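This is what each chain is made of:
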Amino acid sequence: MTDDELLGEMLERASKRLAAYGYLLTGSQHAGEDLVQDAIVKVFVRRRRIPNAAAAEGYVRAAMRTLHLDGLRRDKRWRRLIPGQAVRDEQPDATERIHAADAVGRALGALSPRQRTAVVLRFYDDLTVADVAHEMGLATGTVKRYLSDALDRLAVEVGDDATFDVERVAVVETEGRS
């Protein structure tokens, strides 16, 4: 199977799933679609032995996750280097208004980018907390804090209609540690 045939088959089978995954990661339909395109280019620009469309989708998902996390790190670095110069536009995009009826979409949009990324990696990609910490380049405790804060915020935003079947571990201080 040629790369063009493989790409065509993968897009036919998985384009909607990849677009949804991009939306979950970025919180924006347009940014999510751009992320999908960038990931496809990244995967298919190099000659690889990809056996089938399902494997190609996996490669593209991994590339999307990597590109998104790299973008978060780059944004953080720029905000640190130019603290008073760049003002981040916090206006909600049109996608949020279009999906106003979707309570979970609104709740995810209310989270910070790192909280949203941690939630998507943990619950959508079904990664362990340790794996999420590794992917995001953060300490496990930081990821637990992001997840805890995000789940609290989601519960408030979504309301009593949704139940979060999540195992919560209480954080307690131990004696003898500083």
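Note: the structure precedes this text.
Predicted model only: the values in this text are computed from it and were never measured.

Side note on the overall build of the protein
Here is step 1 of the chain: In terms of helices and strands, the protein carries eight helices and zero strands.
Here is step 2 of the chain: Along the protein, from the amino end to the carboxyl end, the secondary structure elements read α-α-α-α-α-α-α-α.
Here is step 3 of the chain: Expressed as a percentage of the 178 residues in the protein, the buried residues total 32%.
Here is step 4 of the chain: Carbon together with sulfur atoms contributes 50% to the accessible area of the protein, which is approximately 11,900 Å² in total.

Quick look at the packing of aromatic side chains
Centre-to-centre distance and the angle between the planes together describe a pair of aromatic rings.
Here is step 1 of the chain: Following the criterion strictly, the structure yields one aromatic pair and no others.
Here is step 2 of the chain: On the numbers, 5.5 Å between centres and 20° between planes, the contact of Tyr-21 with Tyr-124 is stacked. With Tyr-21 in helix H1 (residues 3-26) and Tyr-124 in helix H6 (residues 113-124), this residue pair connects regions lying 103 residues apart in the sequence.
Here is step 3 of the chain: According to the relative accessible area criterion, Tyr-124 is partly exposed, its value standing at 38%.
Here is step 4 of the chain: The positively charged end of Arg-61 is found above the aromatic ring belonging to Tyr-21, 4.8 Å away from the centroid.

Some points on the pattern of salt bridges
Here is step 1 of the chain: Applying the stated criterion to the full structure yields six salt bridges.
Here is step 2 of the chain: A salt bridge links Arg-17 to Glu-57; the nearest nitrogen and oxygen atoms lie 2.9 Å apart. Remark: Glu-57 occurs in helix H3 (residues 53-81) and Arg-17 occurs in helix H1; sequence separation between them is 40 residues.
Here is step 3 of the chain: The exposure class of Arg-17 is partly exposed, given its relative accessible area of 37%.
Here is step 4 of the chain: The class for Glu-57 is buried, based on a relative accessible area of 10%.
Here is step 5 of the chain: Each of Arg-17, Glu-57 and Arg-61 takes part in one network of salt bridges that share partners.

Conventions used here
Residues numbered from 1 in each chain as written. Predicted model: local features only at pLDDT ≥ 70, side-chain atom pairs only at ≥ 80, totals over all residues. Heavy atoms only, no water. Helix = DSSP H or I, 4+ residues; strand = E, 2+ residues; numbered from the N terminus. Buried < 20%, exposed > 50% of the residue type's maximum accessible area, 1.4 Å probe, protein only. Areas by Shrake-Rupley, 256 points an atom, 1.4 Å probe, with all protein chains shown as cover. Phe/Tyr/Trp six-rings, centres within 6.5 Å; stacked < 30°, edge-to-face > 60°. Lys NZ or Arg CZ within 6 Å of the ring centre and 35° of its normal. Salt bridge = Lys/Arg side-chain N within 4 Å of Asp/Glu carboxyl O.

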